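# Residue-level structural notes
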Amino acid sequence: PRVILTGLPGAGKGTISPILVKEFGMVHVAPGDILRAAKRDGTPLGLEAAKYMSAGNLVPDELIVAMILQRLAEDDVVQNGFILDGFPRSVPQAHALLDAGVIPTHFILLEITEDEVRMRLSGRRLDPTTGSVYHVEYNPPPADIAERIIQRSDDVIEAINHRISVYRMTTAPVVDVFASCCVRINASQGSDDAARDCIAAIRKGR
Ligand code: AP5
Ligand code: ZN
């Protein structure tokens, strides 16, 4: 399957993606993860992108569109399909994808309230070694990795609120572009339940 996974920041895209990968074997392509890794490595791309990311703004299309299209054209993705987590985030990005001939089989919209998003993101923690996502209350990191756990620089309340408004203004209209393959999933339930609903939707559509 070729799946676009979208929804407000904190809806659970990064939590659900690995569960779908395990089930279907597609490749997880997440621009946010790629940019954060570039920042950690100190590459020019990472340093440039970090300026936009920490405030919760989108990075410019020149930095992201060609990179993602290139990744989607690689053999492993062409053969196994993809789960796109964080792209397209604007109508122009959606058209860039379609113009490149990349047609998704499913567009999954994770639905959740803004209040819930604020609770999830302010409590989120990451393991930079494995990429695993945790939450101080809902899914606490194991004690033996406690000292390497980090918090994202855009998980402070000002940046969280800004990301929510960027989503409303710029990303939400993308739903209309993919209306014909759009599935809405309740993302306020537990992540296992939300993932189960995504799996059922993907099976149904193939
Ligand atoms: P990105 O990394 O994509 O961030 P985002 O869209 O803001 O989404 P998040 O990663 O914050 O949330 P998520 O939905 O993955 O939630 P998660 O599973 O982690 O993008 C970051 C930045 O990169 C952008 O702001 C932009 O600057 C740049 N960028 C990326 N793509 C771009 C593009 N295409 N164009 C331009 N710029 C781009 O879960 C959140 C928390 O909730 C975790 O703590 C988790 O444990 C917990 N949780 C998850 N599910 C549940 C549940 N069901 N119940 C309880 N807790 C849960
Ligand atoms: Zn994410």
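Predicted model, so just to flag it, every value in this text is computed and none were measured. (Residues numbered from 1 in each chain as written. Chains lettered and ligands numbered in written order. Predicted model: local features only at pLDDT ≥ 70, side-chain atom pairs only at ≥ 80, totals over all residues. Heavy atoms only, no water.)

## Some details on the environment of Val65
Topologically, Val65 is positioned in helix α4 (residues 61–72). Between the C-alpha atoms of Val65 and Leu97, which are 32 residues apart in sequence, the distance is 8.4 Å. Once residues lying within four places of it in the same chain are set aside, the contact partners of Val65 are Phe87, Gln93 and Ala96. (Helix = DSSP H or I, 4+ residues; strand = E, 2+ residues; numbered from the N terminus. Contact = heavy atoms within 4.5 Å.)

## Some points on the pairing of strand β4 (residues 106–111)
In summary, the side chains of a regular strand alternate between the two faces of the sheet. For β4, the tally of buried residues reaches five of six residues, placing the bulk of the element in the interior. Of the strand pairs in this sheet, strand β1 (residues 2–7) and β4 are connected by five bridges, and their pairing is parallel. Bridging across to β4, Thr6 finds its partner in Leu109. The pairing of β4 with strand β7 (residues 182–186) spans five bridges and is parallel. Bridge pairing links Phe107 to Cys182 in β7. (Buried < 20%, exposed > 50% of the residue type's maximum accessible area, 1.4 Å probe, protein only. Pairing = 2+ DSSP bridges.)

## Quick word on the packing of helix α7 (residues 114–122) against helix α8 (residues 157–171)
At a minimum axis distance of 10 Å, the contact between α7 and α8 shows a crossing angle of 135°. One way to sum up the angle between α7 and α8 is to call them oblique. With respect to the hand of their crossing, α7 and α8 are arranged in right-handed fashion. Between α7 and α8, the residues in contact are Glu114, Val117, Arg118, Leu121 and Ser122 and Ile157, Ile160, Asn161, Arg163, Ile164 and Arg168, respectively. Taken together, the residues of the contact of α7 with α8 break down into five nonpolar, two polar and four charged. (Axes fitted to C-alpha atoms, helices over the stretch in contact; angles between N-to-C directions. Parallel < 35°, antiparallel > 145°, perpendicular 65-115°, else oblique. Left-handed = near helix turned anticlockwise from the far one by under 90°. Nonpolar A, V, L, I, M, F, W, Y, C, P; charged D, E, K, R; others polar.)

## Quick look at the packing of aromatic side chains
For any pair of aromatic rings, the description consists of the separation of the ring centres together with the inter-plane angle of the planes. For the structure shown, the criterion picks out one aromatic pair. For the ring pair Phe107 and Phe178, a centre distance of 5.1 Å and an interplane angle of 15° mean the geometry is stacked. Separated by 71 residues along the polypeptide, Phe107 in strand β4 and Phe178 in the loop between α9 (174–177) and β7 bring together distant segments of the chain. There is no split in this pair, since Phe107 and Phe178 are both buried. (Phe/Tyr/Trp six-rings, centres within 6.5 Å; stacked < 30°, edge-to-face > 60°.)

## Looking at the side chain of Ser17
Structurally, Ser17 can be placed in helix α1 (residues 13–24). A polar contact is formed between the side chain of Ser17 and the backbone oxygen of Lys13, at a distance of 2.7 Å. Those residues in contact with Ser17 that lie beyond four places of it in its chain are Leu5, His28, Ile83 and Asp85. (Polar contact = N/O pair within 3.5 Å; in protein donor to acceptor, adjacent residues only side chain to side chain.)

## Some details on the pairing of β1
The element β1 is extensively covered by neighbouring structure, given that five of its six residues are classed as buried. Judged from the four bridges that link them, β1 and strand β3 (residues 82–85) form a sheet pairing that is parallel. Within β3, the residue paired with Leu5 across the bridge is Asp85.

## As for the confidence of the model for the protein
Per-residue pLDDT for the protein averages 96, and the proportion of residues at 70 or more is 100%. Interface scoring of the predicted complex returns ipTM 0.97; its pTM is 0.95. (pLDDT = per-residue confidence, 0-100.)

## Observations concerning the site of ligand 1
Taken together, 33 residues are adjacent to ligand 1, and Thr15, Asn57, Arg89, Arg124 and Arg163 come closest. Within the backbone of Gly86, a nitrogen or oxygen atom sits 2.8 Å from a nitrogen atom of ligand 1. A distance of 2.6 Å is found between an oxygen atom of ligand 1 and a side-chain nitrogen or oxygen belonging to Arg163. Elements that contribute at least two residues to the shell around ligand 1 include exactly α1, α2 (31–41), α7 and β6 (133–135). For the shell around ligand 1, the leading source of residues is α2, giving four residues. Tallied by class, residues from the shell around ligand 1 come to 13 nonpolar, 12 polar and eight charged. (Near = heavy atom within 4 Å.)

## Quick word on the nonpolar core
Core analysis: the largest hydrophobic core is formed by 49 residues, its most contacted members being Leu72, Leu84 and Leu110. Top contributing element to this core by residue count: helix α10 (residues 191–204), with six residues. (Core = buried A, V, L, I, M, F, W, Y, C linked by side-chain atoms within 4.5 Å.)

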